[in-house]
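Observations on the three-dimensional arrangement
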Amino acid sequence: MRELAIIEAPSVLGLRPSGVQELPAALLEAGLLAGLDAVRAGTVEPPAYDPTRDADTGVLNPHGIAEYSVRLADAVGDALDGGRFPVVLGGDCTVLLGNLLALRRRGRPGLLFLDGHTDFYQPSAEPNGEAASMELALATGRGPRLLTDLERRGPLLRDEDVVAFGFRDAGESAEAGMQPLPAELHTIDLDSVRASGAAMAARRAVDRLTAGTSTGFWVHLDVDVLDDAIMPAVDYRQPGGLTWQELEIVLSTALGDPAAVGLDVTIFNPRLDLDGTIAARLAEYLRRALSARAGTNLT
């Protein structure tokens, strides 16, 4: 079992300064690390936010995201090289690009994408130019080259090395004109999770990811995959979602597999959690899932 390396990545370059940049501090203050074998590996500070949509790419802060992704990849890479398991606390969903770049430098990664949205927009269909609605498309090579060809390494992921899990935005994204998900990209939407049960669906996802990749797989958690009734502290809300118990099952299954190499947590907005109770619950369930990875028995 490897020691956890906690990396703070409070970037809002792909969204806006809504409050998600306060996620790392909120979860750490809520006791995320209590009882875990973990070290704090520092903060990767983002460049200044520019609210102007880039004319060439149609994306907010594309140069900032590209530059930040390289620096975040360096930090994640340092944790991996030190034999640790990186846990990256965002920030918005574009931190995924830096995490995957660290793995792409080392080979062929996979991705378990836990998100209430599929985030596969092209710039022309994203009304605000927010790359946090595009990161899965960008990671698989769809979008402006500035963000799809980081360090001239081409796509960070192959379509067949991705499992999108727990999403529930099919109608919304189709209405908005989002490009369709490719057939090779594996999907287990919320209805499918419920049909088979969270444990079986998670096992199926992990088995898929471990069948083809050579570098292990990353776990991306956008907390809006949770039911809106228990996780209203997000910027783009939609009805439904996973229960706390289902999330714990999925994370524990994924993180307990030897092929899992890292985790990021994104989009939780502490400014929408006025009394801190949601942060405390999120920290509790993350600790439970991470305890298996860290070799710690939490009660």
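Relevant structure appears above.
In this report, we go over the structure that sits alongside the text. Source: prediction; values computed, not measured. (Residues numbered from 1 in each chain as written. Predicted model: local features only at pLDDT ≥ 70, side-chain atom pairs only at ≥ 80, totals over all residues. Heavy atoms only, no water.)

**Quick notes on the overall build of the protein chain**
Inclusion rule: Working definition: helices are DSSP H or I runs of at least four residues, strands are E runs of at least two. Numbering for both runs from the N terminus. Remark: exposure states derive from per-residue accessible area (1.4 Å probe, protein chains only) relative to the maximum for the residue type, with buried under 20%, exposed over 50%, and partly exposed in between. Two residues form a contact once any of their heavy atoms are found within 4.5 Å. Accessible surface area values rest on a Shrake-Rupley calculation with a 1.4 Å probe, where residue burial reflects the displayed protein chains alone. None of His or the chain ends enter the tally, which takes Lys and Arg as positive and Asp and Glu as negative. Charged groups are reduced to one reference atom each: NZ for lysine, CZ for arginine, CG for aspartic acid, CD for glutamic acid.
Helix and strand counts for the protein chain stand at ten helices and eight strands. Expressed along its principal axes, the backbone C-alpha trace of the protein chain runs to roughly 50 × 45 × 40 Å. Out of the 299 residues in the protein chain, the part that is buried amounts to 58%. Long-range pairs, those at least 24 residues apart, make up 79% of the contacts in the protein chain with a sequence separation of at least 6. Carbon together with sulfur atoms contributes 49% to the accessible area of the protein chain, which is approximately 11,100 Å² in total. Positive and negative side-chain charges of the protein chain, numbering 26 and 43 respectively, have mean locations separated by a distance of 6 Å.

**Let's talk about the environment of Leu23**
Considering the arrangement of structural elements, one finds Leu23 in helix H1 (residues 23–29). Once the C-alpha coordinates of Leu23 and Ala79 are considered, the two residues, 56 residues apart in sequence, prove to be 21 Å apart. The residues touching Leu23, leaving out its near neighbours within four places in the chain, are Leu89, Gly90, Gly91, Val265, Thr266, Ile267, Phe268 and Pro270.

**A look at helix H8 (residues 198–212)**
Because the α-helix completes a turn every 3.6 residues, residues three or four places apart line up on one side. The line we're drawing: Expected span, for any helix, means 1.5 Å times one less than how many residues it has. Here the arc refers to the directions that run from the helix axis out to each C-beta atom.
Under the 1.5 Å per step criterion, the end-to-end length of H8 is 22 Å for 15 residues, consistent within 8% with the ideal 21 Å. Along H8, the positions that sit buried rather than exposed are Ala198, Ala201, Ala202, Ala205, Val206 and Leu209. On an axial view of H8, the arc spanned by its buried residues comes to 130 degrees, and they lie on one face. Looking at H8, the residues exposed on the side facing more than 90 degrees away from the buried face are Met200 and Ala211. Where H8 is buried, its residues touch strand E4 (110–114), strand E5 (162–165), strand E6 (186–188), helix H7 (190–196), strand E7 (217–222) and helix H9 (244–255).

**Some points on the packing of aromatic side chains**
Our working rule: For this analysis, a ring pair means two rings from Phe, Tyr or Trp (six-membered ring only for Trp) whose centres lie within 6.5 Å, classed as stacked if their planes differ by under 30 degrees, edge-to-face if by over 60, and tilted for the remaining angles. Put simply, a charge is over a ring when the Lys NZ or the Arg CZ is close to the ring centre, within 6 Å, and near the line of the ring normal, within 35 degrees.
Across all of its chains, the model carries one aromatic pair by this definition. Ring geometry for Trp244 against Tyr285: centres 5.2 Å apart, planes inclined by 15 degrees, an arrangement best described as stacked. Separated by 41 residues along the polypeptide, Trp244 in helix H9 and Tyr285 in helix H10 (residues 277–294) bring together distant segments of the chain. You can call Tyr285 buried: its relative accessible area is 5%. Of note, Arg288 hangs over the ring of Tyr285, and the distance from its end group to the ring centre comes to 4.6 Å.

**A few points about the pattern of salt bridges**
Under the convention used in this document: Salt bridges are counted wherever a side-chain nitrogen of Lys or Arg sits within 4 Å of a carboxyl oxygen of Asp or Glu.
Overall, the coordinates contain 20 salt bridges when judged by the stated rule. Ionic pairing is found between Asp161 and Arg108, a salt bridge with its closest N-O pair at 2.6 Å. One end of the pair, Asp161, is in the loop between helix H5 (145–148) and E5; the other, Arg108, is in the loop between helix H3 (95–104) and E4, and 53 residues separate them in sequence. With relative accessibility at 3%, the residue Asp161 sits in the buried group. Ionic pairing is found between Glu246 and Arg194, a salt bridge with its closest N-O pair at 2.8 Å.

**Some points on the sheet that holds E4**
To keep it simple, the criterion reads: When DSSP finds two or more bridges between two strands, those strands count as paired. Axes, fitted as lines to C-alpha atoms, cover a helix only where it is in contact. Angles between the N-to-C directions of the axes lie from 0 to 180 degrees.
The eight strands are arranged E2-E1-E3-E8-E7-E4-E5-E6 in an open sheet whose pairing can be described as parallel. The two strands at the open ends of the sheet, each matched to only one other strand, are strand E2 (38–43) and E6. Between one strand axis and the next, the sheet turns by 15 degrees as a mean value, whatever way the strands run. Bridging between E4 and E5 involves four bridges; their strand directions are parallel. For Phe113, the partnering residue across the bridge sits in E5 and is Ala164. Across the sheet, H3 touches strand E3 (85–89), E4, E7 and strand E8 (260–266), and the angle it forms with E7 is around 175 degrees. Most of the contacts of H9 go to E7, to which it runs at about 160 degrees, and overall it touches E3, E4, E5, E7 and E8.

Function-wise, these values are silent; they only describe arrangement.
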